[in-house]
Amino acid sequence: MSADDLIARYNYDEFVPEKFETQMSFGDTPPLDEPAPNFPLWRLEDGGETDLAALWSANAYTVVEFGSFT
Amino acid sequence: MNNLAERFADRKVGSVFVYTHEAHPGENYLHLTSIEQKFRHAAELRDQLCVTRPILVDALDGACHRAYGTMPNMTWIFNRRGRPVYKANWTDSVSVGNALDDVLALPRRRREGKRLTPFNVERVEYRENDREAFYRGLERCGPKAVREFKAVFG
């Protein structure tokens, strides 16, 4: 799958099962109490780049909620 | 979740919101096609829904979100070493608060001489589901979002 196809698939244009259900894969996610994968993220405040590791290393525990406006 | 973040902020607990993709794209908030649009939508979330936690924007292809399950509103808790201690496929502040209370009690329990051994547990929890509030949110997205949701879930 090309990068453009991946972006289009992830950012589906209509809420229909064949577009959103096929992406949900919570059962295959990183296991508890094992090192989790790190990813870059960008601060809304100033657009600067950071990553998950920088977030979780800043506190004893870090709560990460995933979501969107819609 | 904002209140929860404030409640635990002085107990060495950080809280952030990662902006993913539009779960219910509509006429007012189209599906994402650029990172600039994604930042604009994240700002709308912050301003209209009064999210006080730091907001981080994921890549346009959702690399982080996809690696953690692509659920529309899930929550994870990581310890300082980058190991998840809690993951839920939906966000419920009561559940998250209970999990934080448990892990934050570990040092005290150890000081009391308890020998603690980790184990994993899976369980089904139940959250309060305010369908009217949910539909108000969908209406904000536009009629298309309402129509598509009703077509799937009634």
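Residues numbered from 1 in each chain as written. Chains lettered and ligands numbered in written order. Predicted model: local features only at pLDDT ≥ 70, side-chain atom pairs only at ≥ 80, totals over all residues. Heavy atoms only, no water.

**Student:** I'd like a rundown of the overall build of chain B, residues and numbers included.
**Tutor:** The secondary structure content of chain B amounts to 7 helices and 4 strands. For chain B, the α and β elements follow one another from N to C terminus as α-β-α-β-α-β-β-α-α-α-α. With the C-alpha coordinates of chain B rotated into their principal frame, the extents come out at 60 × 35 × 25 Å. Within the span of chain B, comprising 154 residues, buried residues form 47% of the whole. Within chain B, contacts between residues separated by at least 24 positions form 49% of all contacts whose residues are at least 6 apart in sequence. For chain B, the accessible area works out to roughly 8,700 Å², and carbon and sulfur atoms hold 50% of it. Of the charged side chains in chain B, 26 are positive and 20 negative; the average position of the first set lies 9 Å away from that of the second. (Helix = DSSP H or I, 4+ residues; strand = E, 2+ residues; numbered from the N terminus. Buried < 20%, exposed > 50% of the residue type's maximum accessible area, 1.4 Å probe, protein only. Contact = heavy atoms within 4.5 Å. Areas by Shrake-Rupley, 256 points an atom, 1.4 Å probe, with all protein chains shown as cover. Lys, Arg positive; Asp, Glu negative; His and termini not counted. Charge placed at Lys NZ, Arg CZ, Asp CG, Glu CD.)

**Student:** Report on the overall build of chain A, specifying residues and quantitative values.
**Tutor:** Looking only at helices and strands, chain A has 3 helices and 3 strands in total. When the helices and strands of chain A are placed in sequence order, the string is α-α-β-β-α-β. Summarising its shape, the C-alpha atoms of chain A cover approximately 40 × 30 × 25 Å along the three principal directions. Looking at chain A as a whole, 43% of its 70 residues qualify as buried.

**Student:** Describe the interface of chain B and chain A, and please don't skip the residues or the numbers.
**Tutor:** In this assembly, 79 residues from chain B lie in contact with 48 residues from chain A. Carbon and sulfur atoms supply 64% of the area buried between chain B and chain A, which totals about 6,200 Å² over both sides. For the interface between chain B and chain A, the tally reads 1 salt bridge. The partner of arginine 53 of chain B in a salt bridge is glutamate 65 of chain A, and the shortest N-O contact between them spans 2.6 Å. At the boundary of chain B and chain A, one finds 38 residue pairs in polar contact (both at pLDDT 80 or more). Ranked by residue count, the leading element in the side of chain B that touches chain A is helix 2 (residues 35-48) of chain B, at 9 residues. (Buried area = accessible area lost by both parts, 1.4 Å probe. Salt bridge = Lys/Arg side-chain N within 4 Å of Asp/Glu carboxyl O. Polar contact = N/O pair within 3.5 Å; in protein donor to acceptor, adjacent residues only side chain to side chain.)

**Student:** If you had to explain unusual backbone geometry to someone new, which residues and values would you point to?
**Tutor:** Phi angles above zero are rare outside glycine, and aspartate 33 of chain A is one such case at about 60°. Structurally, aspartate 33 of chain A is set in the loop between helix 2 (17-20) and strand 1 (40-43). One non-glycine residue, threonine 70 of chain B, adopts positive backbone phi at about 60°. Considering the arrangement of structural elements, one finds threonine 70 of chain B in the loop between helix 3 (63-67) and strand 3 (75-79). Accessibility expressed as a relative area gives 4% for threonine 70 of chain B, which makes it buried.

**Student:** Which residues make up the confidence of the model for chain B, and what values do they have?
**Tutor:** For chain B, per-residue confidence averages 96 on the pLDDT scale, and residues scoring 70 or more make up 100% of the total. Among the scores for the predicted complex, ipTM is 0.96 and pTM is 0.96. (pLDDT = per-residue confidence, 0-100.)

**Student:** Outline helix 2 of chain B, supporting the account with residue identities and numerical values.
**Tutor:** The end-to-end C-alpha distance of helix 2 of chain B is 20 Å, a good match for the 20 Å that 14 residues give at a rise of 1.5 Å each. Every buried residue belonging to helix 2 of chain B is among Gln37, Lys38, His41, Ala42, Ala43 and Leu45 of chain B, and all of these are buried. Where helix 2 of chain B is buried, its residues touch helix 1 (3-10) of chain A together with strand 1 (13-19) and strand 2 (55-57) of chain B. Downstream of helix 2 of chain B by one or two residues, cysteine 50 of chain B has phi in the positive range, about 55°. (Expected span 1.5 Å × (residues − 1).)

**Student:** I'd like to hear about the nonpolar core, residue by residue, with values.
**Tutor:** Core analysis: the biggest nonpolar cluster contains 18 residues, and Leu52 and Phe66 of chain A together with Tyr68 of chain B have the highest contact counts within it. If one sorts the elements of this core by residue count, helix 3 (residues 52-56) of chain A sits on top with 3 residues. In contact with tyrosine 68 of chain B, not counting residues within four places along its chain, are Phe26, Thr29, Pro30, Ala36, Pro37, Phe39, Leu52, Trp56 and Phe66 of chain A together with Met74, Trp76 and Phe78 of chain B. The next biggest cluster of nonpolar side chains, apart from the first, holds 14 residues, and it includes Val13, Ile77, Tyr86 and Leu104 of chain B. (Core = buried A, V, L, I, M, F, W, Y, C linked by side-chain atoms within 4.5 Å.)

**Student:** Describe the pairing of strand 4 (residues 84-88) of chain B, and please don't skip the residues or the numbers.
**Tutor:** All names here are of chain B. As defined by bridge partners, strand 3 adjoins strand 4 across 4 bridges and the pair is classed as antiparallel. Its bridge partner being in strand 4, tryptophan 76 is matched across the sheet by lysine 87. Where strand 3 folds back onto strand 4 in an antiparallel hairpin, the turn is made up of 4 residues, including glycine 82, whose phi is positive at roughly 80°. (Pairing = 2+ DSSP bridges.)

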